[in-house]
Amino acid sequence: MSKNFLNHPRIKPDKVEARLYQQLLFGAAVKENILLVLPTGLGKTVIVVMLFAYFLDKYPDMKLVMTAPTRPLIEQHVQTMESMLQVDPEFIISLSGTIPPPQRKGLWKKGKILITTPQTLRNDIISNTCDLKSISFLCIDEAHRLVGEDSTVLIAEQYRNLNPGGKLVGITASPGSKEKILEIIKHLGATNVEFMNEDDHTVKPYVHETKEDKVIVHLPEDFEFIFKNLKALFNEMMKVLIETDVIKSKNSITKTKLIALTKELNKERGRLEDDEFFAAMSAVGHALRISHALEVLETQGVPNLYKYFEKQKREYQTSKKNSLRKFMNLPHMPEVIDHTRQLFESGVVHPKLDVLIQLVEKEFAKEVSSKVLVFTNYRDTAKLLSDYLNKIEIVNSQWFVGQKSSSLDQGLKQREQVEILNRFKTGDINVLVSTSVGEEGLDVSQCDLVIFYDIVPSATRLIQRTGRTGRARKGRVIFLIAKGTRDEGYYYASQNNRERLKNEIEEVKSELNSSKQTGLTNFFENQGENKDFPSKNEVIQDGDSSSKESNSSPMIIMDLREKGSSVVRHLLNQEINLNVQQLDVADYILSKRVAVERKTVEDFTSTLIREDLFPQLLKLKQSFSKPILVIEGSNLYSSTLSQNSIRGTISSILVDLGIPILFTENEEETALYLERIAKREQKRENRTPRIKSTKGSNSMKEEQLKMISSISHINLKTAENLLNEFLTLRNIANQNQDELRKVRGIGKKLANDIELLFTTPFDESGESL
């Protein structure tokens with residue numbers, strides 16, 4: 001089939017093939033905000049190139065932006081734009097967190113086309129580094145992420161709020177369930193969703209047949225001892241949960257449901273006695289670890305299970321967590337761990353490995369120039385499989401994982417990832433063993449054979465993986481399924497989810513079309529109309545005042561460390577002007593007298609354990625005449641701390657420190673209170689926010705409190721009690737244990753520690769208290 005190429009002044013000649021399905025999707029995207037769904041390997045990025053060319057031609061003075069979730073993917077998009085668009089490469093710019101914010105500000109001014117990570121763009125919106133009104137077109141790649149509190153959500157909301165004339169398009173290979181599709185469309189402000197796959201008549205000329213097969217693998221008897229004992233332990237944990245009425249039946253209890261049970265238990269703590277609550281929490285924790293161990297053995301094999309147990313041992317040795325000690329000493333668990341070690345030392349892996357080797361050998365015997373892509377969920381498995389496959393004479397295999405590294409698990413640097421992919425394209429590497437990093441976006445070359453070493457129930461991941469074959473020539477996909485394990489359930493779930501996805505996209509598309517026909521401008525309420533851009537003179541130019549500033553909007557000074565919270569998103573949606581600074585005191589400054597320390601329920605309890613809550617609040621009270629503590633979230637009493645300890649702390653904050661406490665349900669409610677207080681202070685009372693530093697010399701009282709509270713296990717309140725009783729540091733040092741124990745908050749052990757501290761001669765090798 002001879003190729004025809006697009007002819008456009010902004011596209012390089014003979015670079016973009018004229019494919020009808022891409023032109024149809026392009027035509028839909030220039031008209032309205034839209035979600036485009038196109039399987040992996042069919043050229044979603046090419047459609048973005050066409051859209052960039054169109055908007056660059058129509059609005060030459062404005063910018064074009066695309067977000068992509070990883071730095072390697074950003075660089076890949078930049079290379080695509082440079083190779084296809086008639087734009088000076090100097091003005092096609094990649095942005096990520098590795099570039100300092102002051103430098104990014106200059107790049108925003110300079111660039112015409114900017115490809116950025118969502119986190120970087122989110123931070124630049126919050127800090128006013130970029131001007132959203134100067135952007136004519138914004139594309140969100142991997143738009144299935146556009147849900148919940150992902151960075152892309154804030155980006156989409158702010159772009160639509162501040163630039164209603166701008167076009168916004170999301171692209172993905174698979175958006176997920178109908179519920180997720182609806183949420184994505186809502187955030188995009190989309191009035192349409194377009195979906196094409198290999199069955200569409202306009203796509204068929206560009207794809208080849210992909211045959212899918214499954215191979216059933218039977219587990220060996222060597223595994224039976226481990227399975228039998230782990231399943232028995234799991235059933236014991238379920239029995240505890242049934243007895244405490246946390247669950248009704250052990251049937252269909254998955255790892256996902258166990259994680260959800262932890263949250264449900266926290267909500268029901270008031271219903272259970274303390275011993276029942278802690279027994280149930282312990283049972284859920286043990287069940288999660290056992291479930292994971294079973295899954296690893298079923299789907300990965302002995303080496304991964306052995307490493308998992310070794311990791312639990314190391315974690316216990318370093319953390320001394322009681323929960324880990326109990327897990328390692330559950331009935332028959334020591335025998336299970338020892339049996340696993342014996343299998344590992346004897347070289348047992350998993351029967352899937354032998355099947356994998358046979359399949360790869362057969363593929364290269366059939367065609368010596370073949371390329372094979374193997375997917376697995378675990379890094380350790382990827383490295384192990386690659387080592388075994390390299391023993392095949394014709395094979396040059398390489399494992400491919402993400403960038404995250406630790407002392408025990410080395411990832412790949414961006415440069416290494418790009419180099420490996422290039423070598424796979426050229427054929428220098430002919431078998432790539434990849435974790436999920438090879439699924440999303442990265443230009444993994446056309447493969448002849450894709451093998452699922454383990455199965456994922458997600459339709460999104462299934463579509464991304466299978467899309468790596470059947471593009472340039474016929475392809476094959478093989479699923480390795482361990483008989484009688486969760487592999488079987490995951491396989492059928494992924495197949496059913498893939499079929500359901502097509503139907504759900506069509507349902508959403510039909511509902512959107514119906515809303516248009518009935519005269520509604522959008523499927524969702526309050527989305528507003530699609531407007532055109534303001535005139536050139538009305539567009540805020542680079543270097544002008546912030547696009548978010550308004551005389552009627554209050555300003556809140558926010559600590560830099562709060563940028564990751566979704567409170568920021570809700571404040572921006574209320575048109576609050578945020579001034580992001582690194583603050584010594586407070587998380588939010590609302591006026592010259594009002595400042596707020598925000599703690600989630602988890603933060604609040606952890607600061608009690610670390611004993612640094614009261615010093616923070618004392619600084620807040622000393623710096624601002626109207627301090628406020630916000631405790632955000634439900635289940636305040638769900639931690640391991642006793643309810644009396646938490647109530648005592650709250651009482652002390654209210655009575656002793658005189659700081660009011662505001663309890664909020666979630667980040668949105670916190671933001672609503674911050675906005676209302678800021679408006680009240682700044683509009684009614686004309687009190688503008690002002691940063692106050694605690695740096696410099698402390699008062700004598702502060703230094704005395706600081707010195708006593710630095711002693712292990714003495715918090716600020718106990719330090720104050722000691723000084724009120726004995727008046728000076730010298731007097732405290734001279735007291736015996738009996739006198740010290742008369743002070744509230746000082747028990748037998750603490751009195752002994754204080755006496756030892758002041759009476760023990762200095763010794764460099766001395767023991768800790």
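Just so you know, these numbers come straight off a predicted model, no measurement behind them. (Residues numbered from 1 in each chain as written. Predicted model: local features only at pLDDT ≥ 70, side-chain atom pairs only at ≥ 80, totals over all residues. Heavy atoms only, no water.)

For strand 14 (residues 555–559) and strand 15 (residues 577–581), the ladder comprises 5 bridges, and the chain directions are parallel. Directly across from isoleucine 556, in strand 15, lies its bridge partner leucine 578. Taken together, strand 14, helix 19 (residues 567–573) and strand 15 form a β-α-β motif whose crossover is right-handed. (Pairing = 2+ DSSP bridges. Helix = DSSP H or I, 4+ residues; strand = E, 2+ residues; numbered from the N terminus. Right-handed = clockwise from strand over helix to strand, strands pointing away.)

Strands sit in the order 8-13-12-9-11-10 across an open sheet of 6 strands; the sheet is parallel. Taken across any chain shown, the strands that pair with only one partner, and hence form the sheet edges, are strand 8 (210–217) and strand 10 (397–400). When strand polarity is set aside, the average angle formed by the axes of neighbouring strands in this sheet is 20°. Lying over the sheet, helix 15 (residues 379–389) contacts strand 9 (372–375), strand 10 and strand 11 (431–434), oriented at roughly 175° with respect to strand 10. (Axes fitted to C-alpha atoms, helices over the stretch in contact; angles between N-to-C directions. Contact = heavy atoms within 4.5 Å.)

All of the buried residues in helix 25 (residues 716–726) are Leu716, Thr718, Ala719, Asn721, Leu722, Leu723 and Phe726. If you follow the buried residues of helix 25, they end up packed against helix 21 (613–623), helix 24 (700–709), helix 26 (729–734), helix 27 (737–740) and helix 28 (748–759). In the segment just after helix 25, leucine 727 is the residue with positive phi, at about 75°. (Buried < 20%, exposed > 50% of the residue type's maximum accessible area, 1.4 Å probe, protein only.)

Model confidence for the protein chain is summarised by a mean pLDDT of 86, while 90% of its residues fall at 70 or above. Here residues 520–530 is a poorly scored stretch, pLDDT under 50, and it has 23 contacts once near neighbours within four places are set aside; other chains count. Ignoring residues within four places in sequence, the model shows residues 534–550, a span with pLDDT below 50, making 31 contacts including any to other chains. (pLDDT = per-residue confidence, 0-100.)

On the secondary structure map, lysine 15 appears in the segment before helix 1 (20–29). Distance from lysine 15 to tyrosine 637, taken between C-alpha atoms, is 62 Å for residues 622 residues apart in sequence. When sequence neighbours within four positions are dropped, the list of residues in contact with lysine 15 reads Phe5, Ser83 and Met84.

Looking now at the side chain of lysine 63. Position of lysine 63 among the secondary structure elements: in strand 2 (residues 63–67). The class of lysine 63 is buried, set by a relative accessible area of 6%. A polar contact is formed between the side chain of lysine 63 and the backbone oxygen of tryptophan 108, at a distance of 2.9 Å. Engagement of the side chain of lysine 63 in a polar contact is seen with the backbone oxygen of glycine 111, the distance being 2.7 Å. (Polar contact = N/O pair within 3.5 Å; in protein donor to acceptor, adjacent residues only side chain to side chain.)

Negative phi is the rule for most residues except glycine; trans is the rule for most peptide bonds. With a phi close to 55°, aspartate 14 is a non-glycine residue in the positive phi region. Looking at the secondary structure, you find aspartate 14 in the segment before helix 1. One non-glycine residue, alanine 586, lies in positive phi territory at about 80°. Here alanine 586 lies in the loop between strand 15 and strand 16 (588–589).

On to the side chain of threonine 435, then. Here threonine 435 shows up in the loop between strand 11 and strand 12 (449–452). A residue is classified by how much of its surface remains accessible, and threonine 435, at 7% relative accessible area, is buried. With residues near it in sequence (within four places) discarded, threonine 435 still touches Phe375, Thr376, Tyr378, Arg379, Ala382, Phe400, Val401 and Gly402.

Core analysis: the biggest nonpolar cluster contains 60 residues, and Leu35, Ile556, Leu571, Leu578, Tyr588 and Leu590 have the highest contact counts within it. Here the element with the most residues in this core is helix 6 (residues 151–162); it accounts for 6 residues. Those residues in contact with isoleucine 556, other than ones at most four positions away along the chain, are Leu571, Ile576, Asn577, Leu578, Asn579, Tyr588, Ile589, Leu590, Leu674 and Ala678. Of all hydrophobic cores here, the second largest spans 46 residues; its members include Ile11, Leu25, Val30 and Ile92. (Core = buried A, V, L, I, M, F, W, Y, C linked by side-chain atoms within 4.5 Å.)

Taken together, the 6 strands give an open sheet; going across it, the order is 15-14-16-17-18-19, and neighbouring strands pair in mixed fashion. The open sheet is flanked by strand 15 and strand 19 (661–664), the only strands paired with a single partner. The strands that helix 21 touches are strand 17 (594–600) and strand 18 (626–632); relative to strand 17, the one it contacts most, it runs at about 165°.

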